[in-house]
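Structural characterization, general
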Amino acid sequence: MEEKLLSIKNNAISLILETKSVKELEEIKIQFLGRNGEITKLLKELPKISKEERPKIGSIANGLKNIIEEAISTRETTLKKTKVITSRSFDVTEPGIRPALGHLHPVTQAIREITSIFTQIGFTRVRYPEIEWDWYAFTALNFPQNHPARDDWETFFIKQQPDEKKGTVLLTPHTSSGQIREMEKGELPIKMLNIAKTYRRQSDVSHTPMFHQFEGLVVGENIAISDLKGTLNYFVKSYFGENRISRIRPYHFQFTEPSFEIDISCGVCLGKGCRLCKEGWLELGGAGMVHPNVLKACHIDPEKYTGFAFGWGVERVLMMKDGIKIDDLRILYSNDLDFLKQF
Ligand code: FA5
């Protein structure tokens, strides 16, 4: 009998602890303490037990009844408290969690700033295809068919049937293809700013396989090198500020004559020489006077019209900006949120 009472107690306590609601608890109470409950039934059997044992078993059974009643009441208090907490967690007046806000990528910010600087002096932003024919990227830009420049630019070619007149299909290795697209429209004068994605097989601290260039083209009557230099100085002062200096070096491009390379003093070491620039200067990009052959390829009379063009890297100008101090250009495209959040 004693053992039976003990097992009823253990069973009752574990069932009470498992209850999830006051209703469930009510059912357990009936199951053990109700009129036909397990304890009540046992107490009814007491007369059958020998007189000597009866008082002992009777007191154990009563003690058990008290223990179960106490366990039920403690559990009831706990369940009621939990209910209060649950309903409080849905309090609509509590302040919510603010969702994280993103912002424009630093390269997009740079593109917008560059656009704004040039539109202030009358340039119009244009957009042309990223997937082009050889004609626009090379041939119309005065590259002979066997010229090694197609390799120099480390171009990505697309496996597609070449066009009879326009040649192979490729990812634009520079925005200069936009010069031809713009001039073939035959609307003069031209003052365009072509900003686009460009692609080359290159990857190191100052090169990424996908990057952006911004290309300026001005064509009209009496356009001279001094106009190019004036535009360059205006841009350098507006974008980089007064403490940076630029220089022009003679260079060669197939589509400009004369051609120049433009350098700007490094923003990381301010001209002293560092891991990024090596000798204190960073290459901003190329520029020059539009080659007469390029004008002719676009049916523009080189005797009457002249023009200048420049093509610079967006990521490069961004990393050369004061206070930015990016010493590896690839970080811009590494999806590093800690880095991107700083802009
Ligand atoms: C050109 O692409 C010429 N089309 C520029 C030009 C336009 C010359 C108009 C004359 C007239 P270049 O290959 O040097 O030139 O590239 C221009 C700029 O693009 C470079 O100075 C650099 O700023 C940027 N650039 C080139 N390759 C990469 C690269 N892989 N990653 C990041 N920026 C690059």
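Data block above holds the structure.
**What about the side chain of H291?**
- Among the structural elements, H291 can be located in the loop between β9 (281-290) and α10 (292-297).
- Overall, H291 belongs to the buried group, its relative accessible area being 17%.
- If sequence neighbours within four positions are ignored, H291 has contacts with N142, Q254, F255, T256 and E257.

**Description of the site of the ligand**
- Taken together, 26 residues form the shell around the ligand, and within it H174, S176, R200, Q202 and E283 come nearest.
- With respect to the ligand, the side chain of S176 contributes an N or O atom lying 2.8 Å from a nitrogen atom.
- Separating an oxygen atom of the ligand from a side-chain N or O atom of Q213 is a distance of 3.1 Å.
- For the ligand, whose free accessible area comes to 690 Å², the fraction covered by protein is 96%.
- The leading source of residues in the shell around the ligand is β9, at 5 residues.
- For the shell around the ligand, the residue count by class is 8 nonpolar, 13 polar and 5 charged.

**Side note on the pattern of salt bridges**
- Within this structure, the stated rule accounts for 10 salt bridges.
- Connected through salt bridges with shared partners, the residues R247, R249, E261 and D263 form a single ionic network.

**Points about the sheet that holds strand β5 (residues 190-199)**
- If you trace the 7 strands from one edge of the open sheet to the other, you get β1-β5-β6-β10-β9-β8-β7, paired in mixed fashion. Looking at the sheet topology across the chains shown, the edges are occupied by β1 (124-126) and β7 (246-253). Neighbour-to-neighbour, the strand axes of the sheet open up by a mean angle of 25°, direction not taken into account.
- Seen against the sheet, helix α5 (residues 106-119) touches β1, β5, β6 (210-220) and β10 (306-313) and runs at an angle of roughly 165° to β5.
- Packing against the sheet, helix α9 (residues 225-240) makes contact with β6, β7, β8 (256-265), β9 and β10, and its axis sits at approximately 30° to β10.

**Brief notes about the side chain of T175**
- You can see T175 is positioned in the loop between β4 (167-171) and α8 (177-183).
- Under the relative-accessibility criterion, T175 is labelled buried at 2%.
- At a separation of 2.7 Å, a polar atom in the side chain of T175 contacts the side chain of E215.
- With residues up to four places along the chain from it excluded, the contact list for T175 reads N194, A196, T198, Q213, F214 and E215.

Parameters and conventions
- Residues numbered from 1 in each chain as written.
- Predicted model: local features only at pLDDT ≥ 70, side-chain atom pairs only at ≥ 80, totals over all residues.
- Heavy atoms only, no water.
- Helix = DSSP H or I, 4+ residues; strand = E, 2+ residues; numbered from the N terminus.
- Buried < 20%, exposed > 50% of the residue type's maximum accessible area, 1.4 Å probe, protein only.
- Contact = heavy atoms within 4.5 Å.
- Near = heavy atom within 4 Å.
- Polar contact = N/O pair within 3.5 Å; in protein donor to acceptor, adjacent residues only side chain to side chain.
- Areas by Shrake-Rupley, 256 points an atom, 1.4 Å probe, with all protein chains shown as cover.
- Nonpolar A, V, L, I, M, F, W, Y, C, P; charged D, E, K, R; others polar.
- Salt bridge = Lys/Arg side-chain N within 4 Å of Asp/Glu carboxyl O.
- Pairing = 2+ DSSP bridges.
- Axes fitted to C-alpha atoms, helices over the stretch in contact; angles between N-to-C directions.

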